[in-house]
Amino acid sequence: MTVKHIVIWNLVATDDASRQHAAARIDELLTGLVGTVESIRSLEVVRNVAYPETNGDVAVVAEFDDAAGLDAYIVHPAHQEAAAEIRTLVTGRGAIDYEA
């Protein structure tokens, strides 16, 4: 079994260009952690394509060997730095972690 970690955000930006830039920056920040945070087995940043009035805008889907790997990711200084910048680009956050 592995642990999947999914976080969904809404973007603060309202105009299309700023939203595209913010989503691209989140993608860059999080995919840049692959190879830096050893416990990441896979990580994908995705953008919503339907029901924008009710769905989140951007999500990360990451996979870890176990809960300890997820914990290592959460506290890793590179993740903490990325998360701090992401918080300036988003409003609202939903998350789920589950065994797969």
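Residues numbered from 1 in each chain as written. Predicted model: local features only at pLDDT ≥ 70, side-chain atom pairs only at ≥ 80, totals over all residues. Heavy atoms only, no water.

1. Examining the sheet that holds strand β4 (residues 90-99)
And step 1. Read from one edge to the other, the open sheet built from 4 strands follows the order β2-β3-β1-β4, with strand pairing classed as antiparallel. Since the sheet does not close on itself, it has two edges, and those belong to β2 (40-47) and β4, each with one partner. Between one strand and the next, the sheet's axes are offset by a mean angle of 15°, whatever the strand orientation.
And step 2. With 7 bridges joining them, β2 and strand β3 (residues 58-64) adopt antiparallel strand pairing. Directly across from Leu43, in β3, lies its bridge partner Ala62. (Pairing = 2+ DSSP bridges. Helix = DSSP H or I, 4+ residues; strand = E, 2+ residues; numbered from the N terminus. Axes fitted to C-alpha atoms, helices over the stretch in contact; angles between N-to-C directions.)

2. Looking at the nonpolar core
And step 1. By size, the foremost hydrophobic cluster in this structure holds 24 residues, and its most contacted members are Trp9, Ile26, Leu30, Leu43 and Tyr73.
And step 2. The dominant element in this core, judged by the number of residues it contributes, is helix α1 (residues 16-31), at 5 residues.
And step 3. In contact with Ile26, other than residues within four places in its own chain, are Trp9, Leu11, Val45, Val58, Ile86, Leu89 and Val90. (Core = buried A, V, L, I, M, F, W, Y, C linked by side-chain atoms within 4.5 Å. Buried < 20%, exposed > 50% of the residue type's maximum accessible area, 1.4 Å probe, protein only. Contact = heavy atoms within 4.5 Å.)

3. Notes on helix α2 (residues 67-75)
And step 1. Every buried residue belonging to α2 is among Gly69, Leu70 and Tyr73, and all of these are buried. The arc that holds the buried residues of α2, viewed along the axis, is 100°, so those residues lie on one side. More than 90 degrees from the buried face of α2, the exposed residues found are Ala68 and Val75.
And step 2. Check the buried side of α2 and you find it contacts β1 (3-11), α1, β2, β3, α3 (77-89) and β4.
And step 3. The N-cap of α2, judged by a side-chain oxygen 3.3 Å from the amide nitrogen of Ala68 a few residues on, is Asp66. (Arc of directions from axis to C-beta. Polar contact = N/O pair within 3.5 Å; in protein donor to acceptor, adjacent residues only side chain to side chain.)

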